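Listed below are the residues making up each chain.
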There are 4 protein chains.
Amino acid sequence: MGEIKVGVVGLGIGRSHARAVDGKQGAKLEALCDVNEELLNKFADTLGVEKRYTDFYEMLKDDSIDAYIIATPDNLHQDMVCAALRAGKDVLCEKPIALHNSECKEMIKAADEAGRLLMVGQVCRFAPGFKMAKKIIEEGMIGELYFIESEYAHDYTEIRGWRTDPEMKRHPVTGGGCHAVDLVRWLADKDPIEAFSYSNKKVLVDWPCDDTTISLLKFDGDLMGKVYVSTGSKRDYTMRTVIYGTKGTIICDNTSPHLSLYVEELGGMNKLLGDQMKHIAHKIPVKISSHNVVAEFDEFYNALVDRSTLKITAQEGARTVAICEAIIKSSETGMPEKIEY
Amino acid sequence: MGEIKVGVVGLGIGRSHARAVDGKQGAKLEALCDVNEELLNKFADTLGVEKRYTDFYEMLKDDSIDAYIIATPDNLHQDMVCAALRAGKDVLCEKPIALHNSECKEMIKAADEAGRLLMVGQVCRFAPGFKMAKKIIEEGMIGELYFIESEYAHDYTEIRGWRTDPEMKRHPVTGGGCHAVDLVRWLADKDPIEAFSYSNKKVLVDWPCDDTTISLLKFDGDLMGKVYVSTGSKRDYTMRTVIYGTKGTIICDNTSPHLSLYVEELGGMNKLLGDQMKHIAHKIPVKISSHNVVAEFDEFYNALVDRSTLKITAQEGARTVAICEAIIKSSETGMPEKIEY
Amino acid sequence: MGEIKVGVVGLGIGRSHARAVDGKQGAKLEALCDVNEELLNKFADTLGVEKRYTDFYEMLKDDSIDAYIIATPDNLHQDMVCAALRAGKDVLCEKPIALHNSECKEMIKAADEAGRLLMVGQVCRFAPGFKMAKKIIEEGMIGELYFIESEYAHDYTEIRGWRTDPEMKRHPVTGGGCHAVDLVRWLADKDPIEAFSYSNKKVLVDWPCDDTTISLLKFDGDLMGKVYVSTGSKRDYTMRTVIYGTKGTIICDNTSPHLSLYVEELGGMNKLLGDQMKHIAHKIPVKISSHNVVAEFDEFYNALVDRSTLKITAQEGARTVAICEAIIKSSETGMPEKIEY
Amino acid sequence: MGEIKVGVVGLGIGRSHARAVDGKQGAKLEALCDVNEELLNKFADTLGVEKRYTDFYEMLKDDSIDAYIIATPDNLHQDMVCAALRAGKDVLCEKPIALHNSECKEMIKAADEAGRLLMVGQVCRFAPGFKMAKKIIEEGMIGELYFIESEYAHDYTEIRGWRTDPEMKRHPVTGGGCHAVDLVRWLADKDPIEAFSYSNKKVLVDWPCDDTTISLLKFDGDLMGKVYVSTGSKRDYTMRTVIYGTKGTIICDNTSPHLSLYVEELGGMNKLLGDQMKHIAHKIPVKISSHNVVAEFDEFYNALVDRSTLKITAQEGARTVAICEAIIKSSETGMPEKIEY
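Residues numbered from 1 in each chain as written. Chains lettered and ligands numbered in written order. Predicted model: local features only at pLDDT ≥ 70, side-chain atom pairs only at ≥ 80, totals over all residues. Heavy atoms only, no water.

Visitor: Before we move on, can you summarise the overall build of chain A with the specific residues and values?
Guide: Scanning chain A from terminus to terminus reveals ten helices and 15 strands. Projected onto its principal axes, the C-alpha positions of chain A cover 70 × 45 × 40 Å. A total of 341 residues make up chain A; the buried ones form 63% of that total. Considering only contacts within chain A whose residues lie at least 6 apart along the sequence, 67% involve residues at least 24 apart. Only carbon and sulfur atoms are counted for the fraction: they give 46% of the accessible area of chain A, which is about 12400 Å². (Helix = DSSP H or I, 4+ residues; strand = E, 2+ residues; numbered from the N terminus. Buried < 20%, exposed > 50% of the residue type's maximum accessible area, 1.4 Å probe, protein only. Contact = heavy atoms within 4.5 Å. Areas by Shrake-Rupley, 256 points an atom, 1.4 Å probe, with all protein chains shown as cover.)

As structure tokens, then:
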């Protein structure tokens, strides 16, 4: 297989994807697309990209493009992704793959019918702190999991644009909280069956949805989860995540240079502790890369090359969206809601 | 009023209370009581206390004692406290005041009929980090609260004794988690109306109750709460508590020498931050005193002297217990439960 | 031996010692002494001590007192300690034992001639973080030491009283910095042979001595040391201490609930680190007790009882003072100075 | 001015520079040079660079190259830099600019005679934490400086290659410690006049130079400095730097997401502190970029364009080297050494 030619659509977060493509040996940033022509030209000049489109469907006619990265507003994902798939292109779609599971199913169907790859960019799975946590769990170092909590607490006070548009109906739980929801189910290596939540709106009072939602998740086999989503939090952004197992605990996030690991087996340090109820925190160094788009594109690129290793499939994205929908529904009904995948 | 003579009953945690009485000018540690005679004598020797009882009801006949501190196992509180009140004594009862709201009501009634003071030892209200948090909230520095979370994560693996006795029916949510529940409602300055929870038992598998419970609380006026209680957690003990307000956020606990405060008003430091989405953590120094029994007894003593300032009344203790009961009930029914005060 | 009767002289820091005596079984706080009669009476009332003196030499005539704790201003130590020793009393003298090694030698001579115990209260040796560091070194976990640094950075801006009196000639290096100097030589388990230092006075401009001194220490056998003393530092007080060994490093202080330990042997965690140049910080829990006077008095009490276990002898105090003197001298001569013990 | 064509020599650390050139609009990575042909070809392939040299002097004959980045072993800097300057090229030379001030003077002379720019890559000046510290100092927030300490503590145990070659005579103080030395003088905005140091070799016992050096610096006007250099430290790498001023203190490094600032003026938080001796740490968020070569090349590029703004001149590099030489000399003579610029 020769050099893979990639087109990037949507130059908000998509600028990061474009740079990742540009820096990847074996891939070529073939074309860029954005409705904002000024932004498009300025950015394309910077990276020296000649093919520029303000209309995605015009772009689709360009036969030279092998694969698309769709990083447009969430409510546009379904149509654009399906169109690209039906045009015979492989697609990496920015998270959330869509705002509703019904849309996701259409997208999966389109990919199946076209026989093309559809990956969802759940970028948190590539953050070094979370990758280290996954590795520790898989090594069996903390035993069997019984509770996982993750939070997406971000201050959107100064954010404007499409996210605040009532027409978009972009609920923060799906829009940003899907990071935390996806993280919990990926670390758990299983899916929850029920969700319960409360929500309110006290900070972003002129936004169309509640800004803060706290939710509990119930898994088969006695595992429990918690996800906190807030887009009005007056504090530093981080996705603090705590994973409790029968033999140890992990405290991690995507903004600190260390992950904290507590384990029963202390590796020769027991002699320092007279009181057995005390615990040693082992601070494991990790790199900081809260949005590791380079690694995300590497995974997509590798799947394009070998056609078989794709892990973060559209099905994965769909299950995450289904959980978000149940969380939102529970906050409206006031009752626990079964998750419908 | 002369020197107040105090009797302490139950020399587990009660040893701390006894020392606090012993160190307080104006109070006298008059007598000690415990069913374990060896422990009783050893400890009484240390503090030089002559009057020693293995039978509380014998002790009650001693007219010289003005006030009692009851620090016996939770299921004994009701009978002992009521007996002391009916004997005309003021009482400080260790938390939880009882295991059920129905018992609490009996105790409150007994206090009212006897015209005596009944305080509950919710000692977390005296931890310097939490007192500082309360002060910051009262100063209005973080605006209106919209979410409070607190956790009681403790490793009981090596604990044995009455807490593991099935007859005691001491649920961890009431037994230890009442610390976190009481903290949330005290910081909120209001009471929740509904609770929802999940629980499981994966660590202390031979204990009589679930060891881990995660619960959400709903308050009037759009405030939400979360309480996590786990007695099997493999990590360092702390009561991490986060208080989110419309103008700021507090992150605090009872084991760190600092509280973190994030506020919109940066006090002249705005000039350092070009990017307005970033937040400065102001680390406020606090003393560490996770179980500040000295300050707790000071409050009791002051109430004994002036007969009017008692803040942590039996009613306060009862409301905290009522919330714990709803949390436990929800974990059994799988449904949100109204809290019955 | 019956109950040991102790007199405490100097009710500034001495109040802590008095409370430690009062709380110790086997010891009795027999008498208190301070030149400030109002302070004396108020404090003696609190602890219920009847014998009160404003004149130490009057107090000395009281035959019932077995041992003295001298906690007066530093320049008074020599005369008072020697008088007590010559009166046949055992003495615990607050650090620094004296301001000059010549005085120390007189005090040691007096103790020898009288056959009495003379302990110096280098209280940092009892801080839990530093005790843990000493234990780790003794376990051989960090190999052979090659550099130790300690700092005494304290903000004295609001302190007034005898410390600012030019007549006292209390240099901060000896007065407060002796904590850090003593710590370094105790952790090293050997004594430096040479010191070099610079100093200045930029904050406490109206104080009689330089407020900040930075010094290097040279030990036999290639060990090096650094001590930083500053009484004008605008930051939180702590005695940050770093101990570098050929197999590991300890970072500790007396105000944090953890000590950080880095060791080559990672105890089963090597599998988590691909890059061998990275190091895991093991955070060992320690209690916080920056001035653990209770443990200090315990050691004195035990020595009084068995007459043989005294570790922090006057000779120890004298060697610490000798180092302080060399540091101060070097800051004046601008040359490295041999330490004269 | 058109696109500036840059040649990079030395593909160890120089790979970072090459990537920075490659990513900079207005600059072109024209050619690469390394004596290791395999490494050269592999890296050149990655970035798609056609012109490749294993002989620097051959490369110099290529007239199309406008500017050079010299990132070869330290002892080769002088000859290569001078040759490039005399060929009429502008040069960015990796730190240390040379191992001896005498070499530096030759290089400065060559630049002056050729009328070309010579910048030294003291990359720490671009680390976000240190830039923030510089800004705080310049804002006057911490008053007049009286002590600055910085450390370069790195574990070189697994490093091999030219740094361990006795022929290179690369002393760690100049080789790596120049980072900390340069940082101190840049933050101080003045130069020290005298140095004193001790050194030893306990970890890298088969290396040609001492691995650990602790040194003090004396500046005019009562400012003092400390630099610690260790290439055998068993701990995580960081350049911890503390800056003490008469009105505040900064604690910062190049590996943490925060800088700690203590200031007298608390910005409305004074009401929280009853005890005036306590200090609030304001944790200012900073990005982590311990080796921000991108920003370093930006500065070089801007100087190439406007020919006037160069800040980190060869003279700056030379003064840093002169201090390193005095530190090394003092460790050999055992005496304080005047610094000869």
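Visitor: Which residues make up the relation of the copies chain B and chain A, and what values go with them?
Guide: The two copies are related by a screw motion: chain B maps onto chain A through a turn of 180 degrees and a shift of 0.0 Å along the axis, at an RMSD of 0.0 Å. Such a combination of turn and shift is consistent with a two-fold rotation axis. Minimal C-alpha distance to the rotation axis in chain B is attained by B:Met335, lying at 3.5 Å. Residue by residue, 98% of the interface of chain B is reproduced at the interface of chain A, so both copies engage with the same surface. (Least-squares fit on C-alpha atoms with pLDDT ≥ 70 in both.)

Visitor: Quick one: what's the story with the interface of chain B and chain C, residue by residue and with numbers?
Guide: Each side of the interface is counted separately: chain B has eight residues, and chain C has eight residues. Counting each side, the surface lost to burial between chain B and chain C is near 520 Å², with a carbon and sulfur contribution of 50%. If you sort the residues of chain B by the area they bury against chain C, B:Gln25, B:Thr46 and B:Pro257 come out on top, with a joint share of 59%. If you look at where chain B meets chain C, you find zero salt bridges. Counting across the chain B and chain C interface gives two residue pairs in polar contact (both at pLDDT 80 or more). (Buried area = accessible area lost by both parts, 1.4 Å probe. Salt bridge = Lys/Arg side-chain N within 4 Å of Asp/Glu carboxyl O. Polar contact = N/O pair within 3.5 Å; in protein donor to acceptor, adjacent residues only side chain to side chain.)

Visitor: An account of the pattern of salt bridges is needed here, citing residue identities and associated values.
Guide: When their charged atoms lie close together, side chains carrying opposite charge are able to pair. Using the criterion set out here, one finds 96 salt bridges over all chains in the structure. Taking the shortest distance from any N to any O, the salt bridge between B:Asp90 and B:Arg307 comes out at 3.0 Å. Here B:Asp90 is found in strand 5 (residues 90–94), whereas its partner B:Arg307 is found in the loop between helix 9 (293–306) and helix 10 (314–333), with 217 residues between them in sequence. Put simply, A:Arg125, A:Asp182, A:Arg185, A:Asp191, A:Glu316 and A:Arg319 are held in one network by salt bridges that share partners.

Visitor: Please give an account of the sheet that holds strand 4 (residues 67–70) of chain A that cites residues and values.
Guide: All names here are of chain A. Strand order in the open sheet formed by six strands is 3-2-1-4-5-6, with parallel pairing between adjacent strands. Looking at which strands have only one partner, the edges of the open sheet turn out to be strand 3 (51–53) and strand 6 (118–121). Strand-to-strand twist of the sheet, defined as the mean angle between neighbouring strand axes without regard to direction, takes the value 25 degrees. Bridging between strand 1 (residues 4–9) and strand 4 involves four bridges; their strand directions are parallel. Each bridged residue has a counterpart across the sheet, and for Val-6 the counterpart in strand 4 is Ala-67. (Pairing = 2+ DSSP bridges. Axes fitted to C-alpha atoms, helices over the stretch in contact; angles between N-to-C directions.)

Visitor: Describe the packing of aromatic side chains, with residues and values.
Guide: Scanning the model with the defined rule gives 46 aromatic pairs over all chains in all. Both rings, one in A:Phe196 and one in A:Tyr198, keep their centres 5.1 Å apart while their planes meet at 80 degrees; by these two values the pair is edge-to-face. A:Tyr198 shares its class with A:Phe196; the two are buried. Judged by centre distance (6.4 Å) and plane angle (50 degrees), the rings of D:Phe297 and D:Tyr301 are tilted. Taken together, the residues D:Phe297 and D:Tyr301, both in helix 9 (residues 293–306) and four residues apart, mark about one turn of the helix. (Phe/Tyr/Trp six-rings, centres within 6.5 Å; stacked < 30°, edge-to-face > 60°.)

Visitor: Go over the relation of the copies chain B and chain C with me, naming the residues and quoting the values.
Guide: Expressed as a screw operation, the relation of chain B to chain C combines 0.1 Å of axial shift with a rotation of 180 degrees, fitting to an RMSD of 0.0 Å. Comparing contact sets, 100% of the residues at the interface of chain B also lie at the interface in chain C, consistent with an isologous, same-surface contact.

Visitor: Which residues make up the packing of helix 4 (residues 77–86) of chain B against helix 5 (residues 101–114) of chain B, and what values do they have?
Guide: Residue and element names in this part refer to chain B. Contact geometry of helix 4 with helix 5 gives a least axis separation of 9 Å together with a crossing angle of 5 degrees. What the angle tells us is that helix 4 and helix 5 run roughly parallel. Contacts between helix 4 and helix 5 involve His-77, Gln-78, Val-81, Cys-82, Leu-85 and Arg-86 on the former and, on the latter, Glu-103, Glu-106, Met-107, Ala-110, Ala-111 and Ala-114. For the contact of helix 4 with helix 5, the class distribution of residues is seven nonpolar, two polar and three charged. (Parallel < 35°, antiparallel > 145°, perpendicular 65-115°, else oblique. Nonpolar A, V, L, I, M, F, W, Y, C, P; charged D, E, K, R; others polar.)

Visitor: Please provide a residue-by-residue account of the pairing of strand 10 (residues 224–230) of chain B, values included.
Guide: All names here are of chain B. Burial within strand 10 is extensive, with seven of its seven residues counted as buried. Where burial is concerned, the two faces of strand 10 agree: the one with Met-224, Lys-226, Tyr-228 and Ser-230 and the one with Gly-225, Val-227 and Val-229 are both buried. Note that strand 7 (residues 145–153) and strand 10 share seven bridges and pair parallel. Opposite Ile-148, over in strand 10, you have Gly-225 as the bridge partner. From the end of strand 9 (residues 212–219) to the start of strand 10, which pair antiparallel, there are four residues, and Gly-221 there has a positive phi angle of about 75 degrees.

Visitor: Can you break down the sheet that holds strand 3 (residues 51–53) of chain C residue by residue, with the values?
Guide: Within a beta sheet, neighbouring strands are joined by backbone hydrogen bonds and run either parallel or antiparallel to one another. Residue and element names in this part refer to chain C. Ordered in space as 3-2-1-4-5-6, the six strands form an open sheet in which the pairing is parallel. Looking at strand neighbours, the two that pair on one side only are strand 3 and strand 6 (118–121), the edges of this open sheet. Going from strand to strand, the sheet's axes swing by 25 degrees on average, the running direction of each strand aside. In this sheet, strand 3 lies alongside strand 2 (residues 27–33) in parallel orientation, the contact comprising three bridges. Bridging across to strand 3, Ala-31 finds its partner in Lys-51. Docked against the sheet, helix 9 (residues 293–306) engages strand 1 (4–9), strand 2, strand 4 (67–70), strand 5 (90–94) and strand 6, running at close to 160 degrees with respect to strand 5.

Visitor: Just give me the short version of the confidence of the model for chain A, but keep the residues and values in it.
Guide: Scored by pLDDT, chain A has a mean of 93; 99% of the residues are at 70 or more. Both confidence scores are given for the complex: pTM 0.95, ipTM 0.94. (pLDDT = per-residue confidence, 0-100.)

Visitor: Break down the environment of A:Ala84 for me, with residues and values.
Guide: Residue and element names in this part refer to chain A. Looking at the secondary structure, you find Ala-84 in helix 4 (residues 77–86). We classify Ala-84 as buried; its relative accessible area is 0%. In sequence terms Ala-84 and Ala-133 are 49 residues apart; their C-alpha atoms lie 35 Å from each other. Not counting residues within four places of it along the chain, the set of residues in contact with Ala-84 comprises Phe-56, Leu-60, Tyr-68, Lys-89 and Val-91.

Visitor: I'd like a description of the pairing of strand 13 (residues 258–263) of chain B, backed by residues and values.
Guide: All names here are of chain B. Counted residue by residue, strand 13 has five buried out of six residues, so it is predominantly covered. Pairing of strand 12 (residues 248–252) with strand 13 involves four bridges; the strand directions are antiparallel. The residue bridging Thr-249 from the neighbouring strand is Tyr-262, located in strand 13. If you look at the hairpin formed by strand 12 and strand 13, you'll find five residues sitting between the two strands. Pairing geometry for strand 13 and strand 14 (residues 281–285), over four bridges, is antiparallel. Within strand 14, the residue paired with Leu-261 across the bridge is His-282.

Visitor: Talk me through the interface of chain B and chain A; I want residue IDs and the actual numbers.
Guide: Every contact between the two is made by 55 residues of chain B and, on the other side, 54 residues of chain A. The three residues of chain B that bury the most area against chain A are B:Tyr198, B:Lys202 and B:Lys234, which together make up 17% of that side's buried surface. In this assembly, chain B and chain A are joined by six salt bridges. B:Lys234 is the salt-bridge partner of A:Glu264, the closest N and O atoms lying 3.2 Å from each other. At the boundary of chain B and chain A, one finds 25 residue pairs in polar contact (both at pLDDT 80 or more). No other element matches strand 8 (residues 192–200) of chain B, which puts seven residues into the side of chain B that touches chain A. In terms of residue class, the side of chain B that touches chain A is made up of 22 nonpolar, 17 polar and 16 charged.

Visitor: Account for unusual backbone geometry, naming residues and giving values.
Guide: For the bond from A:Lys95 to A:Pro96, the omega torsion is -20 degrees, close enough to zero to count as cis. Even without glycine at this site, D:Asp189 takes up a positive phi of about 60 degrees. Tracing the backbone shows D:Asp189 in the loop between helix 8 (178–188) and strand 8 (192–200).

Visitor: Outline the environment of C:Cys252, listing residues and values.
Guide: Residues and elements named next belong to chain C. Residue position: Cys-252 is located in strand 12 (residues 248–252). For Cys-252 and Ala-133, which are 119 residues apart along the polypeptide, the C-alpha to C-alpha distance reads 7.4 Å. Not counting chain neighbours up to four residues away, the residues in contact with Cys-252 comprise Gly-129, Phe-130, Ala-133, Met-239, Arg-240, Thr-241, Ile-243 and Leu-259.

Visitor: So what's going on with helix 5 (residues 101–114) of chain A? Residues and values would help.
Guide: All names here are of chain A. An ideal rise of 1.5 Å per residue puts 20 Å on 14 residues; helix 5 measures up with 20 Å between its terminal C-alpha atoms. Looking only at helix 5, the buried set comprises Asn-101, Glu-103, Cys-104, Met-107, Ile-108, Ala-110 and Ala-111. Tucked into the core, helix 5 has its buried residues touching helix 4, strand 5 (90–94), strand 6 and helix 10 (314–333). Where helix 5 terminates, the next one or two residues include Gly-115, which has phi positive at roughly 65 degrees. (Expected span 1.5 Å × (residues − 1).)

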